[in-house]
Amino acid sequence: MTPAVTNDRKRAGNDPGTGHKKQKKVVRRKYKAKAVEETSPLGVLKHEIDLLMKSDSLHESDIANDMPGILNEPEIASKYHREVQNVKIRQLSSNGDGLSVIQHPTNEAGKQIILVPFGLPGDIVTVRVFKTHPLYAEADLLSIEEPSALRDDLLINCRYFGKCSGCQFQNVAYDQQLVFKKQTIENAYTHFAPKLMAANLLPKVDSTEPSPLQYNYRTKLTPHFNLPYKKPENMPLPPLGFGSKGRPEWRNTDGGSGSILDIEECSIGTPIVNVGMKNERLRFKKEFEKYKKGATILLRENTSINDTDLVGSTNESGEVSTIKDNDSIKTCVTNSRQIVREVVDGREFEFSAGEFFQNNNSILPAVLQYVRSNLAISDKQDNYLVDAYCGSGLFSISCSDNVKKVIGVEVSADSVKFAERNAANNNIANVKFIVGKAEEIFKDIDTPALQTSVILDPPRKGCDDVFLNQLSEYNPVKIVYISCNVHSQARDVEWFLNNTVNGANYKVESIKGFDFFPQTHHVESVAVLIRV
Ligand SMILES: C[S@@+](CC[C@H](N)C(=O)[O-])C[C@H]1O[C@@H](n2cnc3c(N)ncnc32)[C@H](O)[C@@H]1O
């Protein structure tokens, strides 16, 4: 008779039939690849890897990494996650990281593609590979054996550079940073507008417009901190600052080594935003006990004309911190619903601190001048302007001179409320704002297409096909497409010209970068399309 199985036996993991100890089943971990959006940094990296493979006559099987082995077999993981010397940085990724091709750790005939943040083309470096993905690996920069001609570490302005994920190029001369950004735009059009490129339908990319301020320009910063799920009692103060970039050793500086660096000053933030950072760090220290979970602190520059009712971050004595700047007073707002004010090109703009507004005030006059000069505005006829994705009305209002009517559309009702108020405050009567999706804008627009220019300034993901089809059916005389993600811009331009009903009637007249974010890899690109 089979003995009855007791619960105790079950708990001990014995086989209920035989009573013998059961073999514990080893579950192999599987690598799960995440879906990647084509024009996101990882999607762009995939293109960059493809190009490297092509140039070195490599196939995927030559560079593939053994993901199941790394996840399940420590001896394989240790072969991958190793120190490598004499690594020559070949080029930059569009994210500003160095890219290199090294010997594969387990496949003698193979190669491995690695990303080395803070490596510059031409550097010979020692790295530690610490994280592996199917077709590339990430490595920390340990030391620079032979510096690239592009490297000048004496230019570094911030003690956290090399550890913080915010800046990539502080050790590169500013003119060269502008060249890198032009190359990013060229590469983006090569990757995402290949048909236009092959058919020679793209103009040469113009030189990148420099930012008048190369440091202390960022009017918004968002330092943050993490807390564990269950905050322990008497927990020491966690770091408050920005995300770190690996665990590099080439920069022998402080700031910690966790996923967030403790940062008390940011060299690209404006002076008042840095005063706000100092105040808010003190407040954080005092009020830390009240926090139950991690949070992000908003620091947004505000410009006031007089010193009554000043709002913003306060110092230890409870007074609002201010900095006098010509005829105005700067404060640093921390409440996302607080109204802030910026002056651009002599016009005043108000918006909620938490809503979108461009982050580098110093370059905006040059951008606006360029956009205005590329709209089809002639004295001989009535001109119209459509500003899709108009936010709080920066382009609509700044480009409204000599235009009969401007129509702005924006999905955020809060931003539209401010756009209307900004038009009124600047005595501009020829603009109308609509709350809605840009995708539906053209059903409400009755201006003559041949006299209408369209400004597009979408979020990073770019425009969708519905919008581009309607834009093409509307058939405006000029389109000025401003983008903080040149990859989605290039994709949209190619799709618009090749796939929409009137796309073939358009020519790309110019493409130019604007350096909204010096010291970082980011570039704003403006493409001008004209109906021919
Ligand atoms: C890059 S911002 C540009 C804002 C404005 N042009 C400026 O310079 O201040 C993009 C704007 O598009 C808005 N937006 C996002 N998706 C939208 C959509 N489908 N239709 C209309 N606006 C949209 C966002 O709310 C944001 O204000």
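Residue numbers here run from 1 along each chain, matching the order of that chain's written sequence. Confidence filtering applies because this is a predicted model: local features only for residues at pLDDT of at least 70, side-chain atom pairs given and counted only at 80 or more, and all residues used for totals across whole chains, interfaces and linings. The side-chain values count all of the structure's non-hydrogen atoms but skip hydrogen atoms and water molecules.

Go over the sheet that holds strand β18 (residues 384-388), please, and point to the residues and values.
Two strands make a pair as long as DSSP finds a minimum of two bridges between them. Secondary structure elements follow DSSP: runs of H or I of four or more residues count as helices, runs of E of two or more count as strands, with numbering from the N terminus. The strand order β7-β23-β24-β22-β21-β18-β19-β20 describes an open sheet built from 8 strands, whose pairing is mixed. The open sheet has two edge strands with one neighbour each: β7 (206-209) and β20 (431-435). Strand-to-strand twist in this sheet, taken as the mean axis angle between neighbours without regard to direction, amounts to 20 degrees. Contacts: residue pairs with any heavy atoms within 4.5 Å of one another. All axes are obtained by fitting lines to C-alpha atoms, using only the stretch in contact for helices, and the reported angles, taken between N-to-C directions, cover 0 to 180 degrees. Together, β7, β21 (452-456), β22 (478-483), β23 (506-514) and β24 (524-531) form the strand contacts of helix α9 (residues 364-373), whose direction differs from that of β23 by roughly 170 degrees.

For the domain arrangement of the chain, give the residues involved together with the corresponding values.
By convention here, the domain bounds are inherited from an automatic or database domain assignment. Split by domain assignment, the chain resolves into domain 1 (41-172), domain 2 (178-214 + 362-531) and domain 3 (220-344). Between domain 2 and domain 3, the C-alpha centre-to-centre distance is 33 Å.

Describe the pairing of strand β6 (residues 137-146), naming the residues involved and giving the relevant values.
Looking at chain direction, strand β4 (residues 111-116) and β6 are connected through 2 bridges and run parallel. When the sheet's bridge partners are listed, I114 is paired in β6 with A137. Hairpin geometry of strand β5 (residues 124-132) and β6 is characterised by an intervening segment of 4 residues between the two adjacent antiparallel strands.

I'd like a description of the site of the ligand, backed by residues and values.
Lining the immediate surroundings of the ligand are 16 residues, of which Q358, E410, A438, E439 and D457 lie closest. Within 3.5 Å is the distance limit for a polar contact, defined as a pair of N or O atoms, with the added protein rule that one can donate a hydrogen and the other accept it, and that residues adjacent in sequence qualify only through two side-chain atoms. The separation between an oxygen atom of the ligand and a polar side-chain atom of Q358 is 2.7 Å. Measuring from an oxygen atom of the ligand, one finds a side-chain N or O atom of E410 at 2.6 Å. Under the convention used here, a 1.4 Å probe and the Shrake-Rupley method define accessible areas, while residue burial counts only the protein chains that appear. Coverage of the ligand by the protein chains reaches 89% of its 590 Å² of free accessible surface. The residue inventory of the shell around the ligand, partitioned by class, reads 9 nonpolar, 3 polar and 4 charged. We call a residue near a molecule or strand whenever a single non-hydrogen atom of that residue lies within 4 Å of it. Classification convention: Asp, Glu, Lys, Arg as charged; Ala, Val, Leu, Ile, Met, Phe, Trp, Tyr, Cys, Pro as nonpolar; all other residues, Gly among them, as polar.

An account of the pattern of salt bridges is requested, with residue identities and associated values reported.
Salt bridges are counted wherever a side-chain nitrogen of Lys or Arg sits within 4 Å of a carboxyl oxygen of Asp or Glu. Applying the stated criterion across every chain, the model contains 27 salt bridges. Two residues, D140 and R128, come together in a salt bridge whose shortest N-O distance is 3.8 Å. Placement of the pair is D140 in strand β6 and R128 in strand β5, with a sequence separation of 12 residues. For D140, a relative accessible area of 5% translates into the label buried. In this structure, K478 and E509 form a salt bridge, with 3.1 Å as the shortest nitrogen-oxygen distance. Remark: E509 occurs in strand β23 and K478 occurs in strand β22; sequence separation between them is 31 residues. Burial classes: relative accessible area under 20% of the type maximum marks a residue as buried, over 50% as exposed, and values in between as partly exposed (1.4 Å probe, protein chains only). Classification of K478 as buried rests on a relative accessible area of 8%. The exposure class assigned to E509 is partly exposed, which follows from its relative accessible area of 33%.

Describe the sheet that holds β6, naming the residues involved and giving the relevant values.
Taking strand neighbours across the sheet as the criterion, the 6 strands line up as β1-β5-β6-β4-β3-β2 in an open arrangement whose pairing is mixed. This sheet does not close on itself; its edge strands, each paired only once, are β1 (83-88) and β2 (91-92).

If you had to explain the packing of helix α6 (residues 174-192) against helix α13 (residues 486-499) to someone new, which residues and values would you point to?
For any two helices packed against each other, one specifies the inter-axial angle together with the distance between the axes. The N-to-C vectors of α6 and α13 enclose an angle of 40 degrees; their axes lie 8 Å apart at closest approach. The orientation of α6 relative to α13 falls into the category oblique. For α6 against α13, the interelement crossing comes out right-handed. Contact residues: α6 offers T184, I185, A188, Y189 and F192, while α13 offers V486, H487, Q489, A490, R491, V493 and E494. Its residues assigned to classes, the contact of α6 with α13 comprises 7 nonpolar, 3 polar and 2 charged. For classification purposes, an angle smaller than 35 degrees is called roughly parallel, one larger than 145 roughly antiparallel, one from 65 to 115 roughly perpendicular, and anything else oblique. For any helix crossing, the convention is left-handed if the near helix is rotated counterclockwise from the far helix by under a right angle, and right-handed if that rotation is clockwise.

Run through unusual backbone geometry, naming residues and quoting values.
Phi is positive for N86, which is not a glycine, with a value near 55 degrees. Along the chain, N86 turns up in strand β1. The exposed category is assigned to N86, whose relative accessible area is 62%. Residues other than glycine seldom take positive phi values, yet N216 does so here, at roughly 55 degrees. Note that N216 resides in the loop between β7 and β8 (220-221).

Run through helix α2 (residues 41-55), naming residues and quoting values.
Residues lying three or four places apart along an α-helix face the same way, a consequence of the helix completing one turn every 3.6 residues. By this rule, a helix spans an expected 1.5 Å times one less than how many residues it contains. The end-to-end C-alpha distance of α2 is 21 Å, a good match for the 21 Å that 15 residues give at a rise of 1.5 Å each. All buried positions along α2 are accounted for by G43, V44, L45, H47, E48, I49, L52 and M53. On its buried face, α2 is in contact with α3 (60-63), β2, β3 (98-103), β4, α6 and α13. The positive-phi residue at the C-terminal boundary of α2 is S57, with phi of around 50 degrees.

Tell me about the environment of K432, and please be specific about residues and values.
If you trace the backbone, K432 turns up in strand β20. The sequence separation of K432 and A419 amounts to 13 residues, and the corresponding C-alpha distance is 9.0 Å. Sequence-distant contacts of K432, that is, excluding residues within four places in its chain, are made with V406, I407 and G408.

Would you mind going over the packing of aromatic side chains in detail, with residue names and values included?
Pairing of aromatic rings covers Phe, Tyr and Trp, the last through its six-membered ring, and needs centres within 6.5 Å; plane angles under 30 degrees mean stacked, over 60 mean edge-to-face, and all others mean tilted. Inspection of every chain in the model, using the stated rule, returns 16 aromatic pairs. Ring plane angle 70 degrees and centroid distance 5.6 Å describe the contact between F284 and F288, whose orientation is recorded as edge-to-face. Taking the relative accessible area as the measure of exposure, F284 reaches 3% and is therefore buried. Taken together, the ring pairs in this structure connect F225, F284, F288 and Y291 into an aromatic cluster.

Quick rundown of the nonpolar core? Include the residues and the values.
Ranked by size, the top nonpolar core spans 77 residues in total, and within it I114, V127, V371, L394, F395, F433 and I455 carry the most contacts. Broken down by element, the residue count for this core peaks at 5 residues, all from α9. When residues no more than four places from it in sequence are discounted, the contact partners of V371 are F395, C399, I455, V480 and I482. The next biggest cluster of nonpolar side chains, apart from the first, holds 40 residues, and it includes A438, C463, V486 and I511. Remark: nonpolar core denotes a set of buried residues (Ala, Val, Leu, Ile, Met, Phe, Trp, Tyr, Cys) joined through side-chain atoms within 4.5 Å.

I'd love a proper account of the side chain of N374, names of residues and values included.
Tracing the sequence through the fold places N374 in the loop between α9 and β18. Looking at N374, its side chain comes within polar contact range of the main-chain oxygen of Y370, at 2.9 Å. For N374, the contacting residues outside a window of four places in its chain are K478, V480, E509, S510 and V528.

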